[in-house]
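The chain contents come next:
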Amino acid sequence: MKLHERLAALESSPVPTWVFDLDFFRQRWANKPALELWRASTPEELYARDYSDMSESTRTRMRGYIDGFRVGRTAEEEWTLYPKGEPVTMKLFMTGVPLDDGRTGVLIQAVVKEKAPSPDLVRSIEALRHTSVMVTLLDMEGEIVLQNPAAQSAFGTAAPFRARFPDDVIPEALLSATRAGEVFSLETAVHTAVGERWHAVEARTLPDPATGKTVILVHHTDETARRGAERRAAEEGQLAEQLRGTLAIVERQKQEILALSAPVLEVSSRTIALPIIGVLDSARALEMEGRILNAVSARGAETVILDLTGADALTAETAEQVARLGRAIRLLGARPIATGITSKLARTLVHANVDLEGILLLRSLRDGIEAARCERT
């Protein structure tokens, strides 16, 4: 079955959906909302566009997704895309899909922000998507456009970028390399608010999500502790293992924070959906309950779809939290639908003996959307 035949059900979806081929930097399929999003008059015009000018960091991140998609993983991130050069910030939900020749493409569903964030916020999102540490955006002359809070704390808000380095050669070398399209990387001493520290500095160019112009992304990581630890490692054999453990904890915490993202999606004028990704425990369910109930009241929703496709750790507690969300939705007069009910989850719900009366259980999000549509007609 060809790609367009396998994705025929998504043609009528109100959510912009397309398939990207990372090997050839081309779109291979798109529904009508995606054509409108990308400002393409026809599918053929969109498929002919060449996206090979994407940054190397974006290519690396996308290749990492492909490896995960091949083993059944999904990804979700906030991106700023540039249809015909105009920045648009949106939430992307990505998964792998087999292309007609057997390679793996990226199936992307997008939720465009209803209200565009401020330029500073867009810049912050774009910068923090590349790094999680001290971030600075520079114009091509080396003047500071934006700093994240970590950079402001380390270097102050008024000091020029060049004043960070005790050696004047370093900032000039950084600007020269990035203007030539290279990635600059160096470990060096820097001046900070707490004295001299040792930083790993990396810089590269990328499009400014607010203007579309080229800017320079610079990020610093404080390697002072690591360098001291390396000196002590010869005498303290356990230190290296402890350091790796600390890094693992930081990474796990980062992933847990990312897993907390559960956007309220407007499927239609009277239907909203809540994709639940990651672990659903009591604390997270309480937070979701507040947001979903506010959304029901604010949007006058009649149907709420709780999509469990991306949920993990499907335990008795998960079933109870789903039931609790359903009861809260019903109290506001809306109808709850739970989708993504796999055979494993169905067995969990049965064994947990949770009261799910009043919650329609369906296998897929598509079934849930169709059920909501039929209910309205």
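Residues numbered from 1 in each chain as written. Predicted model: local features only at pLDDT ≥ 70, side-chain atom pairs only at ≥ 80, totals over all residues. Heavy atoms only, no water.

**So, the pairing of strand β14 (residues 303-307)**
Under the convention used in this document: Exposure classes here rest on a 1.4 Å probe applied to the protein chains alone. A residue is buried below 20% of its type maximum, exposed above 50%, and partly exposed in between. Numbering of helices and strands runs from the N terminus; a helix is a DSSP stretch of H or I covering at least four residues, while a strand is a stretch of E covering at least two. Pairing between strands requires that DSSP locate at least two bridges from one strand to the other.
For β14, a buried count of five out of five residues is recorded, marking the element as mostly surrounded by other parts of the structure. Burial of the side chains of β14 extends over both faces: T303, I305 and D307 are buried on one face and V304 and L306 on the other. Pairing of β14 with strand β16 (residues 335-339), which is carried by five bridges, proceeds in the parallel orientation. The residue bridging I305 from the neighbouring strand is I337, located in β16.

**Looking at the pattern of salt bridges**
Short version of the rule: By definition here, a salt bridge exists when the distance from a side-chain nitrogen of Lys or Arg to a carboxyl oxygen of Asp or Glu is within 4 Å.
According to the stated counting rule, one finds 18 salt bridges in the structure shown. Measuring nitrogen to oxygen at the nearest pair gives 3.0 Å for the salt bridge that ties R49 to E45. Between E370 and R373 there is a salt bridge, with the nearest N and O atoms lying 2.3 Å from each other. Of this pair, E370 and R373 both sit in helix α13 (residues 365-376), three residues apart, which is roughly one turn of that helix. What you see here is one network of salt bridges that share partners, running through D21, D23, R28, D101 and R103.

**Considering the sheet that holds strand β2 (residues 26-30)**
Filter applied, for reference: Between the N-to-C directions of two axes lies an angle of 0 to 180 degrees, each axis being a line fitted to C-alpha atoms and, for a helix, fitted only over the stretch in contact.
Within the open sheet, the five strands sit side by side as β2-β1-β5-β4-β3. Their pairing is antiparallel. In this open sheet, the two strands that pair with only one neighbour each are β2 and β3 (74-81). Within the sheet, the average angular offset between the axes of one strand and its neighbour, ignoring direction, is 35°. Sheet analysis places strand β1 (residues 17-21) next to strand β5 (residues 104-112), joined by four bridges and oriented antiparallel. Within the sheet, the bridge partner assigned to F20 lies in β5 and is V106.

**Description of the sheet that holds strand β10 (residues 214-222)**
For clarity, the cut-off: Should any heavy atoms of two residues lie within 4.5 Å, those residues are considered in contact.
Within the open sheet, the five strands sit side by side as β7-β6-β10-β9-β8. Their pairing is antiparallel. Two strands close off the open sheet at either side, each with one partner strand: β7 (144-147) and β8 (184-192). Averaged over all adjacent pairs, the angle separating strand axes in this sheet is 30°, with direction ignored. Across nine bridges, the pairing between strand β9 (residues 195-207) and β10 is antiparallel. Residue P207 lies in a different strand from β10, and its bridge partner there is T214. Across the face of the sheet, helix α7 (residues 169-179) comes into contact with β6 (134-138), β8, β9 and β10 while running at roughly 150° to β8.

**What to know about the packing of aromatic side chains**
Test applied: Centres within 6.5 Å make a pair out of two Phe, Tyr or Trp rings, where for Trp the six-membered ring is used; the pair is then stacked when the planes are under 30 degrees apart, edge-to-face when over 60, and tilted otherwise. The criterion for a charge sitting over a ring is simple: Lys NZ or Arg CZ within 6 Å of the ring centre, and within 35 degrees of the ring normal.
Under the criterion given, the structure shown has four aromatic pairs. Their ring planes at 75° and their centres at 5.6 Å tell us that W38 and Y51 sit as a pair that is edge-to-face. Residue W38 is found in the loop between α2 (32-37) and α3 (43-47), and its partner Y51 is found in the loop between α3 and α4 (56-69); the two are separated by 13 residues along the sequence. Note on W38: relative accessible area 6%, which makes it buried. A relative accessible area of 16% means that Y51 is categorised as buried. Ring centres 5.4 Å apart and planes at 75° place the aromatic pair F161 and F165 in the edge-to-face group. Like F165, F161 is buried. Put simply, the rings of W18, F20, W38 and Y51 touch in pairs and so form one group of aromatic residues. We note R164 situated over the ring of F155; from NZ or CZ to the ring centre the distance is 4.0 Å.

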